[in-house]
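Listed below, chain by chain, are the residues.
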Number of protein chains: 4
Amino acid sequence: MKKNYSDIVDPIHDFIRVYDHELKIIDNPIFQRLRRIRQLSGAHLTYPAAQHTRFEHSLGVMHIASQAGKALNEKGFLKSDDIDLLRLAGLLHDIGHGPFSHLFEEVIQQKKFSHEDFGKEIILKSEIGDILSKNGYDKKLVTKIAFGDLKLQYMNEIISGALSADMMDYLLRDGYFTGAEHAQIDHKRITQSLDVHKKKLALERSALYSFESMMHSRYQMFKAVYFHKTVRSAEVMLLEALRLSDDEFGFTSFNIKEFVKLTDEYVLSTLILSKSSKLKRARQFAEDYQNRKLLKCVFERILTSRTNLGKSRTDELRTSISKKSKVDESEIFVDSSVTPSIPLAPSKNESKHIILISNENGKSTAQEMPISQIPVVSAISGFMNILRIYTHQKNRKKVEIAAKSILGGLK
Amino acid sequence: MKKNYSDIVDPIHDFIRVYDHELKIIDNPIFQRLRRIRQLSGAHLTYPAAQHTRFEHSLGVMHIASQAGKALNEKGFLKSDDIDLLRLAGLLHDIGHGPFSHLFEEVIQQKKFSHEDFGKEIILKSEIGDILSKNGYDKKLVTKIAFGDLKLQYMNEIISGALSADMMDYLLRDGYFTGAEHAQIDHKRITQSLDVHKKKLALERSALYSFESMMHSRYQMFKAVYFHKTVRSAEVMLLEALRLSDDEFGFTSFNIKEFVKLTDEYVLSTLILSKSSKLKRARQFAEDYQNRKLLKCVFERILTSRTNLGKSRTDELRTSISKKSKVDESEIFVDSSVTPSIPLAPSKNESKHIILISNENGKSTAQEMPISQIPVVSAISGFMNILRIYTHQKNRKKVEIAAKSILGGLK
Amino acid sequence: MKKNYSDIVDPIHDFIRVYDHELKIIDNPIFQRLRRIRQLSGAHLTYPAAQHTRFEHSLGVMHIASQAGKALNEKGFLKSDDIDLLRLAGLLHDIGHGPFSHLFEEVIQQKKFSHEDFGKEIILKSEIGDILSKNGYDKKLVTKIAFGDLKLQYMNEIISGALSADMMDYLLRDGYFTGAEHAQIDHKRITQSLDVHKKKLALERSALYSFESMMHSRYQMFKAVYFHKTVRSAEVMLLEALRLSDDEFGFTSFNIKEFVKLTDEYVLSTLILSKSSKLKRARQFAEDYQNRKLLKCVFERILTSRTNLGKSRTDELRTSISKKSKVDESEIFVDSSVTPSIPLAPSKNESKHIILISNENGKSTAQEMPISQIPVVSAISGFMNILRIYTHQKNRKKVEIAAKSILGGLK
Amino acid sequence: MKKNYSDIVDPIHDFIRVYDHELKIIDNPIFQRLRRIRQLSGAHLTYPAAQHTRFEHSLGVMHIASQAGKALNEKGFLKSDDIDLLRLAGLLHDIGHGPFSHLFEEVIQQKKFSHEDFGKEIILKSEIGDILSKNGYDKKLVTKIAFGDLKLQYMNEIISGALSADMMDYLLRDGYFTGAEHAQIDHKRITQSLDVHKKKLALERSALYSFESMMHSRYQMFKAVYFHKTVRSAEVMLLEALRLSDDEFGFTSFNIKEFVKLTDEYVLSTLILSKSSKLKRARQFAEDYQNRKLLKCVFERILTSRTNLGKSRTDELRTSISKKSKVDESEIFVDSSVTPSIPLAPSKNESKHIILISNENGKSTAQEMPISQIPVVSAISGFMNILRIYTHQKNRKKVEIAAKSILGGLK
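One structure accompanies this document, and this report is about it. (Residues numbered from 1 in each chain as written. Chains lettered and ligands numbered in written order. Predicted model: local features only at pLDDT ≥ 70, side-chain atom pairs only at ≥ 80, totals over all residues. Heavy atoms only, no water.)

Notes on the packing of aromatic side chains
And step 1. Considering all chains together, one arrives at 50 aromatic pairs over all chains under this definition.
And step 2. When the ring of phenylalanine 177 of chain C is compared with that of phenylalanine 177 of chain D, the centres are 5.5 Å apart and the planes differ by 50°; the resulting orientation is tilted. Of the two residues, phenylalanine 177 of chain C sits in helix 10 (residues 165–178) while phenylalanine 177 of chain D sits in helix 10 (residues 165–178), which places them in two different chains.
And step 3. Taken together, Phe104, Phe113, Phe118 and Phe259 of chain A form an aromatic cluster joined through their ring pairs.
And step 4. The ring of phenylalanine 55 of chain A has arginine 35 of chain A sitting right over it, with the charged end atom 3.9 Å from the ring centre. (Phe/Tyr/Trp six-rings, centres within 6.5 Å; stacked < 30°, edge-to-face > 60°. Helix = DSSP H or I, 4+ residues; strand = E, 2+ residues; numbered from the N terminus. Lys NZ or Arg CZ within 6 Å of the ring centre and 35° of its normal.)

Quick look at the interface of chain B and chain A
And step 1. Facing 32 residues of chain B, the contacting portion of chain A comprises 32 residues.
And step 2. Both sides together, the interface formed by chain B and chain A hides about 2900 Å², and carbon and sulfur atoms give 59% of it.
And step 3. The interface formed by chain B and chain A contains two salt bridges.
And step 4. In this structure, arginine 292 of chain B engages aspartate 27 of chain A in a salt bridge whose closest nitrogen and oxygen atoms are separated by 3.8 Å.
And step 5. Seen at the junction of chain B and chain A, the total is five residue pairs in polar contact (both at pLDDT 80 or more).
And step 6. When residues of the side of chain B that touches chain A are traced back to their parent elements, those giving at least two are strand 1 (5–10), helix 2 (29–32), helix 3 (54–74), helix 10 (165–178) and helix 16 (264–273) of chain B.
And step 7. If you tally residues by element for the side of chain B that touches chain A, the top one is helix 16 of chain B, at four residues. (Contact = heavy atoms within 4.5 Å. Buried area = accessible area lost by both parts, 1.4 Å probe. Salt bridge = Lys/Arg side-chain N within 4 Å of Asp/Glu carboxyl O. Polar contact = N/O pair within 3.5 Å; in protein donor to acceptor, adjacent residues only side chain to side chain.)

Quick word on the nonpolar core
And step 1. Counting residues in each nonpolar core, the largest one holds 235 residues, and the members touching the most others are Phe211 of chain A together with Phe211 of chain B.
And step 2. Contact partners of phenylalanine 211 of chain B, with chain neighbours within four places excluded, come to Ala162, Leu163, Ile190, Leu203, Ile354 and Ile374 of chain B.
And step 3. Of all hydrophobic cores here, the second largest spans 234 residues; its members include Tyr137, Ala146 and Phe177 of chain C together with Leu103 of chain D. (Core = buried A, V, L, I, M, F, W, Y, C linked by side-chain atoms within 4.5 Å. Buried < 20%, exposed > 50% of the residue type's maximum accessible area, 1.4 Å probe, protein only.)

Quick look at the pattern of salt bridges
Residue and element names in this part refer to chain A.
And step 1. The final tally for this structure, using the stated rule, is 93 salt bridges over all chains.
And step 2. Put simply, lysine 125 and glutamate 121 hold a salt bridge, and the shortest N to O gap is 3.5 Å. Residue lysine 125 and its partner glutamate 121 are both found in helix 6 (residues 115–125); the two are separated by four residues, about one turn of the helix.
And step 3. For glutamate 121, a relative accessible area of 30% translates into the label partly exposed.

Take a look at the structure:
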């Protein structure tokens, strides 16, 4: 039976086909809300064109997941119904994101929540879940694929991980809208070259160059955008404002009705208009952010370690810089930005190898290639851990001296 | 003397060089505000990626104006100082835009204001003007060029009109961010081919193809985006909400301090949160807009006339459709979208010809080529006048019948 | 059963999937020969990068025909086996082209041959046909689709005509390699929107903009490239050289073994190295072409008529210009370049309308839209008939005066 | 004084401005000849679209060199006249290339010649030099800059080396025409960010990302194109054919008149048509190349060493494989492809560092950054030395066994 559909125009994928049951989800206010959550929080203060949102990205992930599904279906690994599930999982994988996406994530993490938890809640218990059920889809199954909990590992990996629709769409999209990186991720080649080995997602060897180029682009995006000094400055300020207003907004006491209101501009303008004295400091951060009066970076170090400093070490560092500089602790911001050289698997474990399939003379052989043997990728590892100290302009000199004296020898 | 500058990354122009005095203007909250005014108001409900703002566009116009200035400087028509003025005029040409840009314009027009009036006010009387003066620039001169009032016509025409930096940037940018039109306006070729004849801006004949292609792209953008049925539906709703809340926000009683607050999301969320019973209807429009419950188009006609229906004719039409359909007038929305086949000159007069310069065997001859002789452009004229009737879903059938019976014969 | 394939990298389509039986055809010397026949004969003397050949184009047509076939297969108009036939027809549609493609065509036309005749001969009687048969394909069927002779009209129309794979690939490819036109033909949108009505190829109405843009790009390509004054000058010279050496090379006494040798550079270097006095004049044209000493255009007129001047009228014109100018007839070259505003149907008849399909609320209606009602397309008609007079530099002045005096009033 | 110019359309640079004296050089048959020498010799047998030639590339290098010159002129390092010299050096830097470019180079190297030697000869002693002199340019100066012999090192480095116009154009162009690599080298950013330190070319630190991305693209191009297994197979065959016919064509007994004839297709078709028994083997290679019957790669190893195996070691290897496999030496082809991780300096020495300039708070500091500290670049080093053994299909098995047994342990 022919399903009804519409085509949505998108600069990354030309047009994205959307079936009627998907359109019902998209047109729901819970999903429309994603139009008001920027994909890259504070990056547009540095890259002015980066105004794109989680909304378009979600459509894009659905689109790429669909292409990946079709390729695996043609190779006999998937049923045609599974493509529908992959599409829905892709569409909904970010539905639990709050204002300022990953910054909101950092705030709720401190109370052991994640956007995945909120996402599950929304899919299972809101109108979104009802639409799924009414149209004959198993909402639990969609949730499992969207958040990496299915037993068929390769289904999860189509949504998140080193070969995922999520990553391919955000790299393409963030590159396109920031203008920072022109590399066109060859996502068509990669999705066409997906394969499955022992229930895990694999890649045809002939697409290894494309994978390597994608990993290099990812690396460049981290350096040029995600971990950019000024981008992080804006985000440190937003993060502080969010932390200081958690009680006010009830970020972590999840309630769908309230949650749906929480968009980037709503949080900012509520803070700015608030008269509450408790929110004074949060308000100041929001105003400064809005007027682009950013914190200054007084110290930067690329660490060779693969792990985050951790909260206790960070707190310690803040205290000692404060003591040495005689600047109040609340004026010292320690930012530790870390990412593994290739994305985490859906299980949140580090990916140690990629499975390559060679098809020669009719026979197919699989090889687990350690990441360390892919030259460009291995070169990158260890270079994505950046420690920075920020402060307001007025404390610049003092904090700089203290930070250098304390951190001088750190590697 | 070398001037200090920064480079801002932009997907359209790769990077945009910004000199220090320009950065001071850009970093002022009055200018930062443009980051929160979308270039295409309600178009992102149809083209989800169209989240770009007047901020990036203003930088882009400065950039192209600068290129045009350099080309004319090399040909001996401009001094190097004039390039600085052109840059500033380009940067500030949209500074008077209010929330939802051209929709706001439609509201204030009813009180005989325009964004140019507000723009002049801002440049001459706010901190923006002070920055100009302090850095040795004549703010009156910048205002004249920005808004088409200089005697040297070609300076104005670099900012607005059929060969302008404004149009080239918005066509490129709107095409890029909507994804609707892939034609790359060959702006480098056009700016390199600018010339001057009797104080008017002219074009080298060898660039006529590029001009024709640009006019075709403009036409496609009007059909596919600016006058798109669903885009206009969202905008009719926004327009109604703005009109109904003019008193509340004081849109037309211009006051810089208040004006600076007025951004797209501020107006929307203020309306949505408002408890005022006077704003009930405006609030409903804002909410429906936000949740993408749009008005339905029940009648559409491409008119061959070159002029707008006018307010009295529009009102009349609404009344007669209301009578015939027995649906309240307030539920009937008459939308008349008109644009000339090539953009208005800075003087707001219709452009009737384009001046072409032929350089052959060392001698240069000018020719005024009537628009009607450029095949593609002449073909377009008269095709950009669209009359549409919108109403809410519930009145759809009744209004459709009435509109067809009344407008059946209209051409 | 999974068919074996390779992927060939192509800048236009990223990569082109080629199945093993197709690869056997491609790797045959008869097909490899296409690598040495430039797509645009003499255009690279004006657009230096236009070195692309019929070889890549043929792969591209196969690729787009395959996409069109898949779309119609999903909509239930085609069987999966028909896609294979469309691919082969696309791959082989240009196999009969001789050196300098369409110029060779002009030479053999005088003896009532066409590249289609040679193409049929090659597919039916050479190793190419054997490969088809051995792999289970009906070579007669492939020939019919490739050259517009099948009864199911829409199958022919996928290969040639106003919605064809041939046109989409050459516009994209010629634009990309010349650098002349940046419009990206939205071929994916168009192939996805193909439909069938009464055995004819139709287009979903929602893709009408894409069709219009494509027609505009085609028009620009004719003006900027195919009918460019200097491009035609080079081609007039090549044409003359080919005519003068027909006996030598036996162009029109078709013999596969000899035909396979005839490539652009082979013909040129054979002429240049030839000592034969009979070929003196042809040799001179070849040498001048190679060293870019081109004929000069002394007269150009855009005619409003839709038809070619015809051979007798052309000859007459040459004679009268010769008499008036006292320059030998052999030194006067009359070039009449004509193309209809939209491409001919596979039957070689003029296309008078395009069939549009509207799918609304579940029902589908077809409409035959006259070309004259599509504004941009109708505007173009009549503008693609250009008459030019060329001569050598030394006769320039005399021929110019004579041509102007004789043709002054012609429209 | 305004200089007369034409604009040549080019897909990489939109359009390339060419001044009249440059056009005279370009229109000379010695330069026109470059249209018939493919940029990438045999790569089009693997990447069908790679038909581009040294002609377009030479125009492109002139264009980028001009941009680099302008940037340094604005920063006060160059006079405006120097830009003219840089343009001419860029235009002529490849004028000494013979058929199949770098393969021809490998043949003449054995007699201690290089294309630079031939280039000097042509510029100083042919009509090219006369045109330079007549137009007031010092041909010796142009030669020095074109081939790296000027004392002002940074002038040479604009033409060749790690920041050169040559490399930027060929990476962009080869990527565009092969379709293999989509990374757009950000050449505008890099040329705008050039600086000079102690007479050496330097780069503003803010453009380091762009440099790194360019080096990564270069690496990908080597892996995907220049050193591609099948590309090299075609080239090994061409190389063999060239070596075997050196006496016939007199490649190394340089004579301008003869040299000008030597183009890719001329050499191939002369060989194929030759009846000489001495050329039998060369003829067979030419025919097989033309019909794409390529040598097979039976062994491949990526070496960690930075140096080429050298001729004696290569000969030795061939002998021992021949002995072990009992296949004639003439049937065993040892191909050693090596390139440094960043391009050689104009002096042909390895580049060990790149000079970075930081401009902060008005003061400028230079730093020599060792290549080994740029993560992606250092990762690449040592990975561009590939040893391969090729043979004809019929000897495949025997040679494979012998090669593996002999080279098994080689690193």
